[in-house]
There are 2 protein chains.
Amino acid sequence: MTSPTVPGPTSTGPTSEFDRHVHTEPDGAGGYRAHLDPGWVVGGGVNGGYLSAVVGHALGQAVPGKPHVLSLSSHFVSASVPGPAAVRVDVHRDGGRTAVVGLTLEQDGVPRLHGLATLADLHELSDDVETTAQAPVVPPREQCVAAGDAPPEVLAAAPMLQRSHLLFPPGEVGWALGAPSGVARHGGWFRLIDDREPDPLVLLMVLDCLPPVTFQLGRIGWAPTLSLSSHVRALPAPGWLVVVQESRNLAGGYFEEDCEVWDSTGRLVAQARQLAGQPR
Amino acid sequence: MTSPTVPGPTSTGPTSEFDRHVHTEPDGAGGYRAHLDPGWVVGGGVNGGYLSAVVGHALGQAVPGKPHVLSLSSHFVSASVPGPAAVRVDVHRDGGRTAVVGLTLEQDGVPRLHGLATLADLHELSDDVETTAQAPVVPPREQCVAAGDAPPEVLAAAPMLQRSHLLFPPGEVGWALGAPSGVARHGGWFRLIDDREPDPLVLLMVLDCLPPVTFQLGRIGWAPTLSLSSHVRALPAPGWLVVVQESRNLAGGYFEEDCEVWDSTGRLVAQARQLAGQPR
């Protein structure tokens, strides 16, 4: 799934930063050992998209012949912290083209998230594509603003911003200067910092890697995810991704956030919806 | 939550058809007994929205003070059939404003769906509403076509159509005559057949009550749901609901389907996204 020009995991260990950070190993008792890297901290915890990718790495080993997450539903119960973690997996059904598993990500026996996943082999999907969604229009990268150029205090609070090239249209970063757009939608270019090519695990992470769209409404603050439903719909082509996120319904203290990821060929390769708590 | 003019469940048993059909009772061992009514069959199984409402009824008894589903994620593993069923519930976390539970709907020990739910008390949600979504424009009811007027052979295959008043705009039923619209979006008016007023359980059902939007693309056939993520965002007002559904990404043998439910005051009260298998 990685491009031939980019080294993937080798027998001496994964070479890209992302591969090292999402790596899990069987614990010999049906579960998987992980180590949550401090590089993915943002605000009060470890990023939920990164947790999805860690879970996805474990799930990739759980059911023979079904290495990919097609659909992952996570309900979060406590904030993760950097350090050791364990992924427990129960195979509920394995038959036909898909398998369904239950899972829990824990730290020191404390559950962080409970999940359900439908697994498949994305190589086996039909070539039939009738997508009607139009690829978002994003300005050329050289006209965009890099999240990694944020002030040092922002990068210190959100080291996750240094894991990728994340480039926003100039018109969508006004919130950082006290002039939010007022429209709960934003997006931009994405590529891992060491140019590691996208694959389904990267997509799981990218589906929850942007700042909350509530920033665009002037609500700057942590928006804790209650539940996150991620669909990986195709193996992405190598190259830059475009990720866009929007909300239609901010009400009652919660908002939904829909995310789409498009690959370099202009194909919609992943979608997610989350329910999050509204920043105060 | 029911209107004063419509009788709700009483001590002698639920009086509305819907209340009777979704009713569950504790089994004394931490689970709940249900009976899946044949009236909700559609195509090859029992409707997934109805199953969500049955599950929602059981969950309403599971965690004191948190009677409502805020977010429900279900992954389906086998087709349900009319008859006895059991809902097993494990409380994973109960704290603050929400609780997270795991659940399984089984029949004769055979799992039908595995779920995770975040529960809350919808009465306690803040009055803060900044929804930017615009209510869909649906023609007046007297200009619409009733699903219940479908030919007898259709009603026989889909008795579920007789559970409600489901009124479609004339321009969106061309698929039934071999002239699909070609746009993967449809919607209409909804009200339970006996005028039982909407509440959060009804919303859970309505979020998966329409024919697959793939009908609008001329693909008439069963579209099995793999996973369904439902958000109930507010207590609905009495009266007719409007339900709309669309898909942006039909590809690789699967499609996502987003559903919105609006109440009689024009408020967006529920949202869902599912991943379904594409009809052949």
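Residues numbered from 1 in each chain as written. Chains lettered and ligands numbered in written order. Predicted model: local features only at pLDDT ≥ 70, side-chain atom pairs only at ≥ 80, totals over all residues. Heavy atoms only, no water.

Overview of the overall build of chain A
Here comes step 1: Counting secondary structure elements, chain A contains 4 helices and 16 strands.
Here comes step 2: In terms of overall size, chain A behaves like a compact globule, its C-alpha atoms giving a radius of gyration of 18 Å where 280 residues would be expected to give roughly 19 Å.
Here comes step 3: In terms of overall dimensions, chain A has C-alpha extents of about 50 × 40 × 40 Å along its principal axes.
Here comes step 4: Excluding contacts between residues fewer than 6 apart, the proportion of contacts in chain A whose partners are at least 24 apart in sequence is 68%. (Helix = DSSP H or I, 4+ residues; strand = E, 2+ residues; numbered from the N terminus. Rg over C-alpha atoms; globule rule 2.2 N^0.38 Å. Contact = heavy atoms within 4.5 Å.)

Quick look at the pattern of salt bridges
Residues and elements named next belong to chain B.
Here comes step 1: Taken as a whole and assessed by the stated rule, the structure comprises 26 salt bridges over all chains.
Here comes step 2: Note that Lys-66 is salt-bridged to Asp-94, the shortest N-O span being 2.5 Å. In this pair, Lys-66 sits in the loop between α2 (48-59) and β5 (68-76) while Asp-94 sits in strand β6 (residues 83-95), placing the two residues 28 residues apart along the sequence.
Here comes step 3: Relative accessible area serves as the criterion here: at 43%, Asp-94 is assigned to the partly exposed category.
Here comes step 4: Between Asp-258 and Arg-273 there is a salt bridge; the shortest N-O distance is 2.7 Å. On the criterion of sequence distance, the pair formed by Asp-258 in strand β15 (residues 254-262) and Arg-273 in strand β16 (residues 268-277) is long-range, its members being 15 residues apart. Like Arg-273, Asp-258 is buried. (Salt bridge = Lys/Arg side-chain N within 4 Å of Asp/Glu carboxyl O. Buried < 20%, exposed > 50% of the residue type's maximum accessible area, 1.4 Å probe, protein only.)

Examining the environment of Gln-107 of chain A
All names here are of chain A.
Here comes step 1: Positionally, Gln-107 belongs in strand β7 (residues 98-107).
Here comes step 2: Each C-alpha atom of the pair Gln-107 and Gly-83 lies 8.1 Å from the other, and the pair is 24 residues apart in sequence.
Here comes step 3: Once residues within four sequence positions are removed from consideration, Gln-107 is found in contact with Leu-36, Ser-80, Val-81, Pro-82, Gly-83, Pro-84, Ala-85 and Arg-112.

Concerning the interface of chain B and chain A
Here comes step 1: Taken together, the contact between chain B and chain A spans 54 residues of the former and 54 residues of the latter.
Here comes step 2: The tally of links from chain B across to chain A stands at 8 salt bridges.
Here comes step 3: With a shortest N-O distance of 3.3 Å, Arg-219 of chain A and Asp-128 of chain B are connected by a salt bridge.
Here comes step 4: At the junction of chain B with chain A, the criterion picks out 45 residue pairs in polar contact (both at pLDDT 80 or more).
Here comes step 5: Taken together, the elements giving at least two residues each to the side of chain B that touches chain A come down to β5, β6, β7 (98-107), β8 (110-120), β12 (225-232), β14 (250-251), β15 and β16 of chain B.
Here comes step 6: Taken together, the residues that form the side of chain B that touches chain A break down as 19 nonpolar, 22 polar and 13 charged. (Polar contact = N/O pair within 3.5 Å; in protein donor to acceptor, adjacent residues only side chain to side chain. Nonpolar A, V, L, I, M, F, W, Y, C, P; charged D, E, K, R; others polar.)

Structural notes on the nonpolar core
Here comes step 1: The biggest cluster of nonpolar side chains holds 67 residues, and the ones touching the most others in it are Leu-59, Phe-190, Met-205 and Val-261 of chain B.
Here comes step 2: Once residues within four sequence positions are removed from consideration, Phe-190 of chain B is found in contact with Ser-164, His-165, Leu-166, Val-202, Met-205, Val-206, Cys-209, Trp-240, Leu-241 and Val-243 of chain B.
Here comes step 3: Core analysis: the next-biggest nonpolar cluster, separate from the first, contains 66 residues, Val-202, Val-232, Leu-241 and Val-261 of chain A among them. (Core = buried A, V, L, I, M, F, W, Y, C linked by side-chain atoms within 4.5 Å.)

Looking at the relation of the copies chain B and chain A
Here comes step 1: Once chain B is rotated about the relating axis by 180 degrees and shifted along it by 0.0 Å, it coincides with chain A to within an RMSD of 0.0 Å. Put plainly, the chains are arranged around a two-fold axis.
Here comes step 2: A high fraction, 100%, of the interface residues of chain B reappear at the interface in chain A, so the copies pair face to face through one surface. (Least-squares fit on C-alpha atoms with pLDDT ≥ 70 in both.)

A word on the environment of Pro-111 of chain B
Residue and element names in this part refer to chain B.
Here comes step 1: Relative to the helices and strands, Pro-111 resides in strand β8.
Here comes step 2: Assessed through its relative accessible area of 24%, Pro-111 is described here as partly exposed.
Here comes step 3: Setting aside residues no more than four positions away along its own chain, Pro-111 makes contact with Val-77, Ser-78, Thr-104, Leu-105 and Glu-106.

Brief notes about helix α2 (residues 48-59) of chain A
Residue and element names in this part refer to chain A.
Here comes step 1: If you check α2, its first and last C-alpha atoms are 16 Å apart, about what 12 residues at 1.5 Å a residue would give, namely 16 Å.
Here comes step 2: With 12 of 12 residues buried, α2 is to be regarded as a mostly interior element.
Here comes step 3: Turning to α2, its buried residues are Gly-48, Gly-49, Tyr-50, Leu-51, Ser-52, Ala-53, Val-54, Val-55, Gly-56, His-57, Ala-58 and Leu-59. (Expected span 1.5 Å × (residues − 1).)

Regarding the packing of aromatic side chains
Residue and element names in this part refer to chain A.
Here comes step 1: Counted according to the given criterion, the structure contains 8 aromatic pairs over all chains.
Here comes step 2: Their ring planes at 5 degrees and their centres at 4.9 Å tell us that Trp-40 and Tyr-50 sit as a pair that is stacked. Of the two residues, Trp-40 sits in the loop between β2 (31-36) and β3 (41-42) while Tyr-50 sits in helix α2, which places them 10 residues apart along the sequence. By the burial criterion, Trp-40 is buried, and Tyr-50 matches it. (Phe/Tyr/Trp six-rings, centres within 6.5 Å; stacked < 30°, edge-to-face > 60°.)

Quick word on the side chain of Arg-163 of chain B
Residue and element names in this part refer to chain B.
Here comes step 1: Mapping Arg-163 onto the fold places it in the loop between α3 (152-157) and β10 (164-168).
Here comes step 2: Within the structure, the side chain of Arg-163 is placed 2.6 Å from the side chain of Glu-17, a separation counted as a polar contact.
Here comes step 3: The residues contacting Arg-163, other than those within four sequence positions of it, are Glu-17, His-21, Gly-39, Trp-40, Leu-192 and Ile-193.

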